[in-house]
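# Residue-level structural notes
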Amino acid sequence: MKKHYILTAVAALALSFGSCSDFLERDPDQILTEEQVFGDANMIKSVLANYYERVRWGQNTEDSYSYILLDEACRSDGGPDNTQTFSDTQWRVYDYGLIRNINQFLAGVRAAKVLDKDVQLSIEGEARFLRAWTYFNMCRGMGGMPIVGDEVFEYKAGMDITAMQYPRSTEAELYDYIIKECTEIAPLLSEAPSINGARATKWAALMLKARAALYAGSIANYNNKMVNPIKTAGGEVGIPADKAKGYYETALSTAKEVIASGKYQLQNTKPNDKGKNFYEAVCVKENNKEIIWARDYKYPGQTVEFTKLNIPATHAEDIDRCMYSPILNLVEAFEYVDNREGGIKTKDAQGNYIFYNKPEDAFANKDARLYGSIIYPGAPFKGMPVPLQAGRKSLENGVWVSETAKGGTTDAQGNVITSFNGPTTTNEQFINKSGFFFRKFLDETPMSSTRGRNSDMWFPRFRFAEAVMIAAEASFELNKQADAVTYINMVRERAGIQPLTVVTFDDIVQENRVEFAFEDHRYWDLKRWRIADKVWNGIPNDPNAQQYALFPYVINEPGNPNNGKWVFDKQPVHMAPYPRYFQPKHYYNFIDQGWINNNPKLVKNPYQ
């Protein structure tokens, strides 16, 4: 094997496709030769593990702030956040450094003599899966980008680099490449679920194939229904409408293969406690049957701070707590068991308060996934109720008026005015500002909210419920209404809500939102359906674009029959004064001018 330095070889790609990476600045004693890497089976696996570490993009629990950008959560720590519109580079991925490293790795693995054939093919499959995942993350943000295949460019000073300057592919060509790669590598990968879903399997490859096909089908379908479809002359952005049917068929057949495999299931180990069941299906690793591929963490060494940053103050084990909080907009997206309108009932038809004996009564008979995703007032966490009380209300001249105080304040008799958790409309640190806490991804393991330990809860990237929802959506788009009803009712039945007899587009949007809250689906779903600019329209007080809170109050009116009962006020989140504003230019990330300077064959996206 010709001797190269596997890490320093990154330079050639950086010159043709991007800026310098940290690899170029590494000290010589960190460099390993190809012979050293590919002559040792353990070293090969170590390099592969490094690639898994490098594919952490999008909304995830390592970045709690990412949850406040949409309509899922708000900031609770300190003063208001002035976020309104979206960045031109929101969750943009452009990592040809990783793709080059993987291509170098593939060449080495294929020539390695220390691996038996099955292991060799499996490792190749995993590396190609991670490469396809990288392309997928680039494509859903920017559209078509250069496809370099297995090419490993070698740059020498003075050479003509134009041959290394690939133009952008069309958006369809890049999705086709991802689909083709997943089709080819699925047979190379293990059919057995990996430990904690940490490594790619045949089923992870098929899930990526199904998701890529669904995204491509959605763009072919809905982009061309816009008044002004977003596209470039060369097809780098935009997919012809006549390709939609084929993509949906691929998505459906692939999702059905995952569903029929018997390797995973809609986990339902606690059918009599559907809320707890949903939490465990998404968040608990032990005996899990649902997660197909996840970013796993393991204590000690590999941990995540999400629990520490977002745990209620009453349950905190360290000084950190309550940085970000789910909002009412998401809570009301969850239906009632027998009523599809999910609005929390706070007033009667005459505008009078509805009085609840306990705060949690306002959320009775809700979709069980609400309990599994969000801690609402009075709901337990780790076996203890989570108090949320904004203040008290009493009558003045026949009108209910509010009494509020600093979090943790009581009156002379020891009665709580405002609970230790809040919510409040102050700029206090570590106090809730929306009336809700996260439950999904909040770890119940002792000491998981401490600085010394943190949490090792995983973050799912593919789970069985997505296969079911892809099958439902693709069936709907292919006018297979009966199949769409069957699939969507599978997830609704587990959630304990009424089955549907007909599926509409709005049903698909609704079901995805509540099933996959906080799982990096919402932003990409609204983009591919081309409704992000309508939902996040930038209009003040719009019920979708403006973030809302729900403040609970206890009645403090001795002698009144409602004394001690609970009422709620809906109000805009003061921490998020501006409505979310998604503009047409945000459907695709901007192409960086620096990349164009390095490769003039790259073209800009619309609105740049």
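Basis of the calculations
- Residues numbered from 1 in each chain as written.
- Predicted model: local features only at pLDDT ≥ 70, side-chain atom pairs only at ≥ 80, totals over all residues.
- Heavy atoms only, no water.
- UniProt positions renumbered as here; feature names shortened; annotations may be inferred.
- Helix = DSSP H or I, 4+ residues; strand = E, 2+ residues; numbered from the N terminus.
- Rg over C-alpha atoms; globule rule 2.2 N^0.38 Å.
- Buried < 20%, exposed > 50% of the residue type's maximum accessible area, 1.4 Å probe, protein only.
- Areas by Shrake-Rupley, 256 points an atom, 1.4 Å probe, with all protein chains shown as cover.
- Expected span 1.5 Å × (residues − 1).
- Bend = angle between axes of the 7 residues up to and from the residue.
- Contact = heavy atoms within 4.5 Å.
- Polar contact = N/O pair within 3.5 Å; in protein donor to acceptor, adjacent residues only side chain to side chain.
- Axes fitted to C-alpha atoms, helices over the stretch in contact; angles between N-to-C directions.
- Parallel < 35°, antiparallel > 145°, perpendicular 65-115°, else oblique.
- Left-handed = near helix turned anticlockwise from the far one by under 90°.
- Nonpolar A, V, L, I, M, F, W, Y, C, P; charged D, E, K, R; others polar.
- Core = buried A, V, L, I, M, F, W, Y, C linked by side-chain atoms within 4.5 Å.
- Salt bridge = Lys/Arg side-chain N within 4 Å of Asp/Glu carboxyl O.
- Pairing = 2+ DSSP bridges.

An unreviewed UniProt entry lists the protein under the name RagB/SusD family nutrient uptake outer membrane protein, with Macellibacteroides fermentans given as the organism. Per UniProt, the comment on the protein under Sequence similarities (unreviewed entry) is "Belongs to the SusD family." Quoted verbatim from the Subcellular location (unreviewed entry) field of the UniProt record, the comment on the protein reads "Cell outer membrane".

### A few points about the overall build of the protein
Secondary structure summary: the protein contains 18 helices and 14 strands in total. Expected size for 608 residues packed as a compact globule is a radius of gyration near 25 Å; at 26 Å, the protein falls within 12% of this value. By residue count, 59% of the 608 residues in the protein fall in the buried class. With the model as given, the accessible surface of the protein reaches about 23,600 Å², and the carbon-plus-sulfur share is 50%.

### Looking at helix α14 (residues 481–495)
An α-helical turn contains 3.6 residues, so a residue and the one three or four places further along point in the same direction. Given a rise of 1.5 Å per residue, 15 residues ought to cover 21 Å, and the 21 Å separating the end C-alpha atoms of α14 matches this to within 8%. Along α14, the sharpest change in direction is near 30° and occurs at Asn-489. Along α14, the positions that sit buried rather than exposed are Ala-484, Val-485, Tyr-487, Ile-488, Asn-489, Val-491, Arg-492, Arg-494 and Ala-495. Tucked into the core, α14 has its buried residues touching α8 (244–260), α9 (274–283), α12 (368–373), β12 (459–463), α13 (464–477) and α15 (505–515).

### Details of the environment of Asp-176
By the element assignment, Asp-176 lies in helix α6 (residues 171–185). Residue classification places Asp-176 among the partly exposed positions, given a relative accessible area of 33%. Separated by 36 residues in sequence, Asp-176 and Ala-212 have C-alpha atoms that sit 8.5 Å apart. Other than its neighbours up to four places away in sequence, Asp-176 contacts Lys-243 and Tyr-247. Side chain to side chain, Asp-176 and Tyr-247 meet in a polar contact 2.7 Å long.

### Some details on the packing of α13 against α14
Running from amino to carboxyl end, α13 crosses α14 at an angle of 150°, the nearest separation of the two axes being 7 Å. In this view, α13 runs roughly antiparallel relative to α14, as classed from their interaxial angle. At the point where α13 passes α14, the crossing takes the left-handed sense. Contacts between α13 and α14 involve Ala-465, Val-468, Met-469, Ala-471, Ala-472, Ser-475 and Phe-476 from the first element and Gln-481, Asp-483, Ala-484, Tyr-487, Ile-488, Met-490, Val-491 and Arg-494 from the second. Looking at the contact of α13 with α14 residue by residue, the class counts come to 11 nonpolar, two polar and two charged.

### Here we look at the packing of α8 against α13
In the contact formed by α8 and α13, the axes pass within 8 Å of each other and the chain directions differ by 145°. For the pair α8 and α13, the crossing hand works out as left-handed. Residues Tyr-248, Ala-251, Leu-252, Ala-255, Val-258 and Ile-259 of α8 form the contact with α13, whose own contacting residues are Phe-464, Ala-467, Val-468, Ile-470, Ala-471, Ala-474, Ser-475 and Glu-477. Residues that form the contact of α8 with α13 fall into these classes: 12 nonpolar, one polar and one charged.

### Observations regarding the nonpolar core
In terms of nonpolar packing, the biggest core is built from 171 residues, with Phe-105, Phe-129, Tyr-175, Ile-178 and Phe-363 touching the most fellow members. In this view, Tyr-175 contacts Phe-136, Cys-139, Arg-140, Ala-212, Tyr-215, Ala-216, Ile-219 and Ile-239; residues no more than four positions away in its chain are not counted. Among the nonpolar cores identified, the runner-up in size contains 12 residues, and Ala-549, Ile-555, Val-567 and Met-575 belong to it.

### Here's the deal with the pattern of salt bridges
Going through the model one piece at a time under the given rule, you end up with 49 salt bridges. A salt bridge links Glu-184 to Lys-180, with the shortest nitrogen-to-oxygen separation between them at 2.7 Å. With a gap of four residues between them, Glu-184 and Lys-180 both fall in helix α6, about one helical turn apart. Taking relative accessible area as the criterion, Lys-180 reaches 48% and is therefore assigned partly exposed. Among the ionic pairs, Glu-519 bridges to Arg-463, the shortest N-O distance being 2.9 Å. Residue Glu-519 is located in the loop between α15 and α16 (522–528), and its partner Arg-463 is located in strand β12; the two are separated by 56 residues in the primary sequence. By relative accessible area, which is 4% here, Glu-519 ends up buried.

### Here's the deal with the sheet that holds strand β14 (residues 566–572)
Note: strands within a sheet are paired through backbone hydrogen bonds, in either parallel or antiparallel orientation. The mixed open sheet is built from four strands, whose spatial order is β8-β7-β13-β14. Bordering the open sheet on either side are β8 (399–404) and β14, each of which pairs with just one other strand. Averaged over all adjacent pairs, the angle separating strand axes in this sheet is 40°, with direction ignored. Across three bridges, the pairing between strand β7 (residues 391–396) and strand β13 (residues 548–555) is parallel. Looking across to β13, one finds that Gly-391 is bridged to Tyr-553.

### Brief notes about the UniProt feature "domain: SusD-like N-terminal" (unreviewed entry) in the protein
Those residues carrying the UniProt feature "domain: SusD-like N-terminal" (unreviewed entry) are residues 84–212 in this numbering. From the first C-alpha to the last, residues 84–212 spans 29 Å; its make-up is 53% helix and 0% strand.

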